[in-house]
Amino acid sequence: MSAETEALSNQIKQSVALLRRHLDWDVAKTRLAELNHRVEDPDLWNDAEGAQKIMRERTLLANQIEGVEQLEKDVQDALELVELAEMEADNALIEESTQALRQLAQQAQQRETESMLSGEADGNDCYLEVNAGAGGTEAQDWASMLLRMYTRWAEQHGYKVSLIENSDGEQAGIKSATILVTGPNAYGWLKTEAGVHRLVRISPFDSAARRHTSFSSVWVYPVVDDSIEIEVNDSDLRVDTFRASGAGGQHVNKTDSAIRITHIPTGIVVACQTDRSQHRNRATAMEMLRARLYEAELQKREAAAAENEASKTDIGWGHQIRSYVLAPYQLVKDLRTNVEKGNPDAVLDGDLDAFMAASLAQRVGGTRSEASALAQ
């Protein structure tokens, strides 16, 4: 067996070991058997909401287990084909079977990353909010670049993006904006992007062509579905109306249809101006507020579990998660995971998967060395 074949085989075995450990294999198989038995109960659909929850859990678990089992079978078949090709000294067949192993290694890595998306709200849609830091036009332009980056990433992954709120900068860029990202595991992926993002470049707004450092913050919070109860007291809210900014039609710009809601106990502020109807904007803003409150609770749980007091509300200009350097050299570096990319243009065009996967792996805490031991 060639060195490449052996390396690919070990890599896949490590991924499979991590997948089995993450699923808690024996427990998962027992749970799937229980769910299959419940699905056969003719009275299951007497409670439609409960039945749908069971069906979703069963489908997810079955796909995870079947995916691992199929991966193991495909790897075994590919290795047997490699051995046969090497025995017959068939170079064409050796290359074909090795290529199959390469593809299986990619599949295994993808499944390993997806297995990390198992948080309470990871499967939900999410809101992503960008706010420009201090620095005027330069910071506001940076905020608009970040908004474009996440929009491109979402579109490249088949997600739907809807603009919820936008506050334009005085000369260029944006002061703030909120988008709704709709699709499977949207929150699970994008939650890794919450934090402060730092840009270093020669400012196009500086006539002396000096280098500037700018900051913008990104907040991400999941859409709360009907199964999650978040209590909000009207007495805790301050509701303000204002005129929607930017393009949007004559009616939008001439009436106070936009809504801003402040949750007084927490200081959380949400705004919506997408609709001409003040009533619908208020309904959307309330959904956003419930999502923000829920996300804050998730952050508290995660902080307690990790014995770490950091949370979204603690994000400050001294807590950058990533630096984007466009001058004097070209580099994007994640300060949490040390993942680097030397092509900032590609990153700003939505190439974020490596950063997200590394951050997810860090949260889970699994390591390749542990997986290697399990694979032996």
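Just above sits the structure.
A brief structural summary. (Residues numbered from 1 in each chain as written. Predicted model: local features only at pLDDT ≥ 70, side-chain atom pairs only at ≥ 80, totals over all residues. Heavy atoms only, no water.)

With respect to the pairing of strand β2 (residues 160-168)
Working step 1: Bridge count between β2 and strand β3 (residues 174-182): 8 bridges; the pairing is antiparallel. Considered in β3, the bridge of Val-161 is made with Val-181.
Working step 2: Hairpin remark: β2 followed by β3, antiparallel, with 5 residues in the connecting loop; positive phi at Gly-173, about 70°. (Pairing = 2+ DSSP bridges. Helix = DSSP H or I, 4+ residues; strand = E, 2+ residues; numbered from the N terminus.)

Comments concerning the pattern of salt bridges
Working step 1: This structure, assessed with the given rule, holds 22 salt bridges.
Working step 2: Salt-bridge contacts for Asp-240 lead to Arg-238; the nearest nitrogen and oxygen are separated by 3.7 Å.
Working step 3: Given the relative accessible area of 27%, Asp-240 is considered partly exposed.
Working step 4: Among the salt bridges present, the one from Asp-334 reaches Arg-336, with a minimum N-O distance of 2.7 Å.
Working step 5: The structure contains a network of salt bridges with shared partners spanning Glu-193, Arg-322, Asp-334 and Arg-336. (Salt bridge = Lys/Arg side-chain N within 4 Å of Asp/Glu carboxyl O. Buried < 20%, exposed > 50% of the residue type's maximum accessible area, 1.4 Å probe, protein only.)

As for the sheet that holds strand β5 (residues 211-222)
Working step 1: Strand order across the open sheet formed by 8 strands is β2-β3-β1-β5-β4-β9-β10-β11, with mixed pairing between neighbours. Because the sheet does not close on itself, it has two edges, and the strands there are β2 and β11 (340-341).
Working step 2: Contacting β1 (126-132), β2, β3, β4 (195-202), β5 and β9 (320-325), helix α5 (residues 137-156) runs over the sheet at an angle of about 45° to β5. (Contact = heavy atoms within 4.5 Å. Axes fitted to C-alpha atoms, helices over the stretch in contact; angles between N-to-C directions.)

So, the nonpolar core
Working step 1: Among the nonpolar cores identified, the biggest contains 55 residues, and Leu-190, Leu-289 and Tyr-324 are the most heavily contacted of them.
Working step 2: By residue number, the principal contributor to this core is α5, which donates 9 residues.
Working step 3: When we break this core down by domain, the ones giving at least three residues each are domain 2 (126-225 + 315-374) and domain 3 (234-306).
Working step 4: Excluding residues within four positions of it along the chain, Tyr-324 makes contact with Trp-142, Leu-146, Met-149, His-197, Arg-198, Leu-199, Val-200, Leu-331, Val-332, Val-347 and Leu-348. (Core = buried A, V, L, I, M, F, W, Y, C linked by side-chain atoms within 4.5 Å. Domains from an automatic or database assignment.)

Let's talk about α5
Working step 1: Under the 1.5 Å per step criterion, the end-to-end length of α5 is 29 Å for 20 residues, consistent within 8% with the ideal 28 Å.
Working step 2: Most of α5 is tucked away, with 15 of its 20 residues classed as buried.
Working step 3: In the segment just after α5, Gly-158 is the residue with positive phi, at about 80°. (Expected span 1.5 Å × (residues − 1).)

Looking at the packing of helix α2 (residues 25-39) against helix α3 (residues 48-87)
Working step 1: Between α2 and α3, the least distance of the axes is 10 Å, while the angle of their chain directions is 135°. Taken together, α2 and α3 sit at an angle that is classed as oblique. In the crossing of α2 with α3, the sense of the turn from one axis to the other is left-handed. On the side of α2, the interface is formed by Trp-25, Ala-28, Lys-29, Arg-31, Leu-32, Leu-35, Asn-36, Arg-38 and Val-39, while α3 contributes Ile-54, Met-55, Glu-57, Arg-58, Leu-61, Ala-62, Ile-65, Val-68 and Glu-69.
Working step 2: Counted by class, the contact of α2 with α3 contains 11 nonpolar, 1 polar and 6 charged residues. (Parallel < 35°, antiparallel > 145°, perpendicular 65-115°, else oblique. Left-handed = near helix turned anticlockwise from the far one by under 90°. Nonpolar A, V, L, I, M, F, W, Y, C, P; charged D, E, K, R; others polar.)

Quick look at the packing of aromatic side chains
Working step 1: Evaluated as defined, the whole model comprises 3 aromatic pairs.
Working step 2: Arranged with centres 4.9 Å apart and planes meeting at 65°, the rings of Trp-142 and Tyr-324 form a pair that is edge-to-face. Pair noted here: Trp-142 is in helix α5 and Tyr-324 is in strand β9, with a separation of 182 residues, a long-range link. By the burial criterion, Trp-142 is buried, and Tyr-324 matches it. (Phe/Tyr/Trp six-rings, centres within 6.5 Å; stacked < 30°, edge-to-face > 60°.)

Side note on the sheet that holds strand β6 (residues 237-242)
Working step 1: Taken in spatial order, the 3 strands of this open sheet run β6-β7-β8, and their pairing is antiparallel. For this open sheet the edge positions go to β6 and β8 (268-272), each flanked by a neighbour on one side alone. Ignoring which end each strand starts from, the neighbouring axes of this sheet average 15° apart.
Working step 2: The pairing of β6 with strand β7 (residues 258-263) spans 6 bridges and is classified as antiparallel. Its bridge partner being in β7, Leu-237 is matched across the sheet by His-263.

Observations concerning unusual backbone geometry
Working step 1: Following Ala-327, the chain continues into Pro-328 via a peptide bond in cis, with omega recorded as 10°.
Working step 2: Positionally, Pro-328 belongs in the loop between β9 and β10 (331-334).
Working step 3: We note that Ala-89 has phi near 55°; this positive angle belongs to a residue other than glycine.
Working step 4: For Ala-89, the location among the structural elements is in the loop between α3 and α4 (91-115).
Working step 5: Relative accessible area serves as the criterion here: at 56%, Ala-89 is assigned to the exposed category.
Working step 6: The backbone of Asn-185 shows a phi angle near 65°, a positive value even though the residue is not glycine.

Quick look at the environment of Ala-143
Working step 1: Following the sequence through the fold, Ala-143 ends up in helix α5.
Working step 2: Measuring from C-alpha to C-alpha, the distance between Ala-143 and Gly-173 comes to 6.7 Å, with 30 residues separating the pair along the chain.
Working step 3: For Ala-143, the contacting residues outside a window of four places in its chain are Val-130, Ala-132, Ile-174 and Ser-216.

Remarks on the pairing of β8
Working step 1: The element β8 is extensively covered by neighbouring structure, given that 4 of its 5 residues are classed as buried.
Working step 2: With 5 bridges connecting them, β7 and β8 associate as antiparallel partners. Counted as the bridge partner of Ile-259 is Cys-272 from β8.
Working step 3: Connecting β7 to the antiparallel partner β8 that follows it, the hairpin turn spans 4 residues, and Gly-267 within it adopts a positive phi of roughly 80°.

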